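# A look at the structure
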Amino acid sequence: MPYPHTRRDDLVDTLHGVEVPDPYRWLEDADASEVTDWVAQQRDFAEDALAQLPERAWFAELMGRIVARPRAGVPIKRGGRWFVSRNDGRTAQDLWYTAPTLPDLVAGGEVVLDPNTWSADGTASLSTFSVARDGSLMAYARSDGGSDWQHIKVRDLTTGEDLDDEVTAKFSSPGWLPDHRSFLYTTFDQATDARGTATAELGVARLMVHRLDGDDEHLLSFPDEPHTMAYGQVSHDDNWLIVSIVRGSENTNRVWAYPITTSDGRSTLGDPIKVVDAADAEYGFVRTDGAQLYLQTDLYAPLGRVVRVDLEWAARGDVQFAEVVPEARATLAAVEAAGSGLLLAYLDDAQPVVEYCRLDGTGGEALPLPAGALVGLDSSPLRDEAFVGLSTIDAPTAAFHVSLSDADSDAAPTVERVELAASGVATFAPPHTVTRHRAPSADGTEVPYFLITPDDGRPGPRPTLLWGYGGFKISLLADYRPGWSAWLAAGGAVAIANLRGGGEFGTAWYDAGRLAHKQNVFDDLIGVAEHLIASGATTAGQLALYGRSNGGLLVGAAMTQRPDLFGAVIPGVGVLDLLRFHKFTIGAAWISDYGDPDTPEGFAAAHAYSPVHNVQQGVAYPPTLVLTADHDDRVVPLHSFKFAAALQHAQAGDAPVLLRVETSAGHGAGKSLQMVASEWADLLAFAAHHTGLQPA
């Protein structure tokens, strides 16, 4: 195809004795005029090609109706008030409502935050908020154009007015101290350049205390430990700040407990008790009970368990873990303190089961919840009620109110669905069936996947959209995504793969898909694809592969290793240059999964599968739609730029290679409804066109 011209340089690096060409290094400077001109040409080229797809109009119309469906989130209670997000389908961003009681919130409540007023084009969004325990103040974080940078402001909830305070943070949720006049946040050296398009490494992470009546105070940082970050949570009794210290995206961490003293309207922190000072496992804060600290951990329990430790003993150097909830058959995905007990969220073959047990771990009983994917869980030791959010393939969040009996009693919790959004169309997808399958990977490991097929009476094979991730201990469930309904309505099937590297089956499953074992993830995906074909569900020409972020890497690696296996591929915001990922913004945090390419062993592993470096001249690659965004400061767009350029240069077949670059958007969070609909319409139309799916 007559692609836009892309300059190729003769740059060659010698890395660990291997010559590695990098002809598109110049595309790493996103603000250079040559790069912006190139991006504009690629964007126009992709738009012209997508506009010619006859399926585009059908998917655009349907996706417009799907995102306009009224919806609401899961209610949360903060500072004595209830909060929930809502969208009637007519605004770019969700609005947040508040009310003093749950019935008032269900009835409507009043708007407390409207991000639609923050920008003319609807690209400013709310990333998080927190409320002081006395309900007087809210700290909320605004993201501009999809950037991960957050601008935290403070709103007086009694007047509805904002204070003059503002701080710049990243990957942070403000946590109020008991004085209700100060909160914690995390920031980085590069906060002075929070444009969203900068690619420089972030530098040192600092846990800070913001004082409304004074200067910010530095609490904790690790300048000599690159990529180490700290995050704090205040216990419900206001006596402890529990800080998790983690290096990058590792799933191991340290835990320090700071005693809190509040006097004369000011909270101060004492010296920390270093409960866990060697990152030998994963530890998640659950709650305190006096001096007893409860933690969720995979220490000696790959599927997870709950333990407690006495902080008074720990202060004397005697740290002993007492088991509260032992490891079970299913993966312990989350634990929340709820009333006088614990809510335990398990994944049983990647399908959620929520139990409620006493604080000592006894009396566990599953809540009577319908099937679905767990998307929300809110509870507190300070109240005897909780909320659980579930979604299904074709329906967004449904909220369930859980009335908790005293955990020491034998009375079972009661569950009731609460309607928080205006009534709308029940579903846009046709009746369909979700089935569970297992595919053999290259080493014989059985890889589970969901297959969702319309009940239209048509025999297979049929066009199928395969979705995967396989990394960072993140679990993929059969959950709601707007595009699934449209693809099913067109007559296609959806497959969701539970690959190694994910968290669906615990720590061992995760470890088997990272570092030197990363190739297992791609083998797993290929195994699922081959199983779909062998079982008659689809054919290679009818199989479209889609993934985002680490899933974009998955797509890039799979298509370069097996270009014959797919009818279309769509890598979204992918990590595609595995030799230089660690040099940009937060990229070095991913060494936990990808290894360090600056070491001989890390280089050898990454070079073997890095998509940019495994594009081969003269190969007929499948139709490819590369998705990225100009304000993605997590996986910076240069990854997608270099990959698209390499594919366009190498492509030997007639299949198109398109680069779709969204403007004023980031890694995915905070997109307006219009952006969501447009991106889904384009990727589904591209996949449909090249797999033979013809919408009715």
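Further up the page is the structure itself.
It should be emphasised that the depicted structure is a prediction, and the values quoted were computed from it without experimental measurement.

## Some points on the overall build of the protein chain
Check the secondary structure of the protein chain and you find 12 helices and 40 strands. Across the 696 residues that make up the protein chain, the buried fraction comes to 58%. Put simply, of all contacts in the protein chain between residues at least 6 apart along the chain, 57% involve residues at least 24 apart. Accessible surface for the protein chain amounts to roughly 25,900 Å². Of this, 49% is attributable to carbon and sulfur atoms. In the protein chain, 51 side chains carry a positive charge and 93 a negative one; their mean positions are 2 Å apart.

## Thoughts on the pairing of strand β10 (residues 149–156)
Most of β10 is tucked away: 8 of the 8 residues are buried. Residues Trp149, His151, Lys153 and Arg155 of β10 are buried on one face, and the alternating residues Gln150, Ile152, Val154 and Asp156, pointing to the opposite face, are buried as well. Sheet topology note: the strand β9 (residues 137–144)/β10 ladder contains 6 bridges and is antiparallel. Among the inter-strand pairings, Met138 is bridged to a residue of β10, identified as Arg155. Between the antiparallel neighbours β9 and β10 lie 4 residues, among them Gly145 with a positive phi of about 60°.

## With respect to the sheet that holds strand β22 (residues 292–297)
Strand pairing in a sheet relies on backbone hydrogen bonds, with the paired strands running either antiparallel or parallel. Taken together, the 4 strands give an open sheet; going across it, the order is β21-β22-β23-β24, and neighbouring strands pair in antiparallel fashion. What marks the edges here is a single partner per strand, and that holds for β21 (283–289) and β24 (322–325). Averaged over all adjacent pairs, the angle separating strand axes in this sheet is 30°, with direction ignored. In terms of strand pairing, strand β23 (residues 305–310) meets β24 through 3 bridges, oriented antiparallel. Looking across to β24, one finds that Arg308 is bridged to Ala322.

## Topic: the side chain of Asn498
By the element assignment, Asn498 lies in the loop between β36 (493–497) and α6 (506–511). Residue classification places Asn498 among the buried residues on the basis of a relative accessible area of 0%. A polar contact is formed between the side chain of Asn498 and the side chain of Arg436, at a distance of 2.7 Å. A polar contact of 3.2 Å, which involves the side chain of Asn498, links it to the side chain of Glu504. Setting aside residues no more than four positions away along its own chain, Asn498 makes contact with Ala350, Arg436, Val447, Pro448, Tyr449, Phe450, Leu476, Glu504, Phe505 and Trp509.

## Side note on the pattern of salt bridges
Inspection of every chain in the model, using the stated rule, returns 51 salt bridges. A salt bridge links Asp633 to Lys170; the shortest N-O distance between them is 3.6 Å. Of this pair, Asp633 sits in the loop between β39 (624–629) and α11 (638–650) while Lys170 sits in strand β11 (residues 162–170); the two residues are 463 residues apart in sequence, bridging distant segments of the chain. You'll find Asp633 and Lys170 in the same group, each marked buried.

## Considerations on the packing of aromatic side chains
Throughout the structure, instances matching the rule amount to 21 aromatic pairs. Taking the centre distance of 5.1 Å and the plane angle of 55° together, the rings of Phe522 and Tyr609 count as tilted. Here the residue Phe522 occupies a position in helix α7 (residues 519–534), and Tyr609 occupies one in helix α10 (residues 600–609), the gap between them amounting to 87 residues. Considered together, Phe522 and Tyr609 belong to a single accessibility category, that of buried residues. Three or more aromatic residues joined by ring pairs form one cluster here, namely Trp467, Trp484, Tyr546 and Trp680. The residue whose ring lies beneath Arg254 is Phe222, and the NZ or CZ to ring-centre distance is 4.9 Å. Between Arg436 and the ring centre of Phe450, over which it is positioned, the NZ or CZ distance is 4.0 Å.

## Things to note about the packing of helix α2 (residues 56–67) against helix α12 (residues 673–691)
In the contact formed by α2 and α12, the axes pass within 8 Å of each other and the chain directions differ by 145°. In the crossing of α2 with α12, the sense of the turn from one axis to the other is right-handed. Touching Arg56, Phe59, Ala60, Met63, Gly64 and Val67 of α2 are Leu673, Val676, Ala677, Trp680, Ala681, Asp682, Leu684, Ala685 and Ala688, all from α12. Of the residues contributing to the contact of α2 with α12, the split by class is 12 nonpolar, 1 polar and 2 charged.

## Regarding the environment of Thr288
The residue Thr288 is located in strand β21 in this model. Accessibility expressed as a relative area gives 0% for Thr288, which makes it buried. Sequence separation between Thr288 and Val234 is 54 residues; the distance between their C-alpha atoms is 9.8 Å.

Conventions used here
- Residues numbered from 1 in each chain as written.
- Predicted model: local features only at pLDDT ≥ 70, side-chain atom pairs only at ≥ 80, totals over all residues.
- Heavy atoms only, no water.
- Helix = DSSP H or I, 4+ residues; strand = E, 2+ residues; numbered from the N terminus.
- Buried < 20%, exposed > 50% of the residue type's maximum accessible area, 1.4 Å probe, protein only.
- Contact = heavy atoms within 4.5 Å.
- Areas by Shrake-Rupley, 256 points an atom, 1.4 Å probe, with all protein chains shown as cover.
- Lys, Arg positive; Asp, Glu negative; His and termini not counted.
- Charge placed at Lys NZ, Arg CZ, Asp CG, Glu CD.
- Pairing = 2+ DSSP bridges.
- Axes fitted to C-alpha atoms, helices over the stretch in contact; angles between N-to-C directions.
- Polar contact = N/O pair within 3.5 Å; in protein donor to acceptor, adjacent residues only side chain to side chain.
- Salt bridge = Lys/Arg side-chain N within 4 Å of Asp/Glu carboxyl O.
- Phe/Tyr/Trp six-rings, centres within 6.5 Å; stacked < 30°, edge-to-face > 60°.
- Lys NZ or Arg CZ within 6 Å of the ring centre and 35° of its normal.
- Left-handed = near helix turned anticlockwise from the far one by under 90°.
- Nonpolar A, V, L, I, M, F, W, Y, C, P; charged D, E, K, R; others polar.

Functional significance is not addressed by these values, which are geometric in nature.
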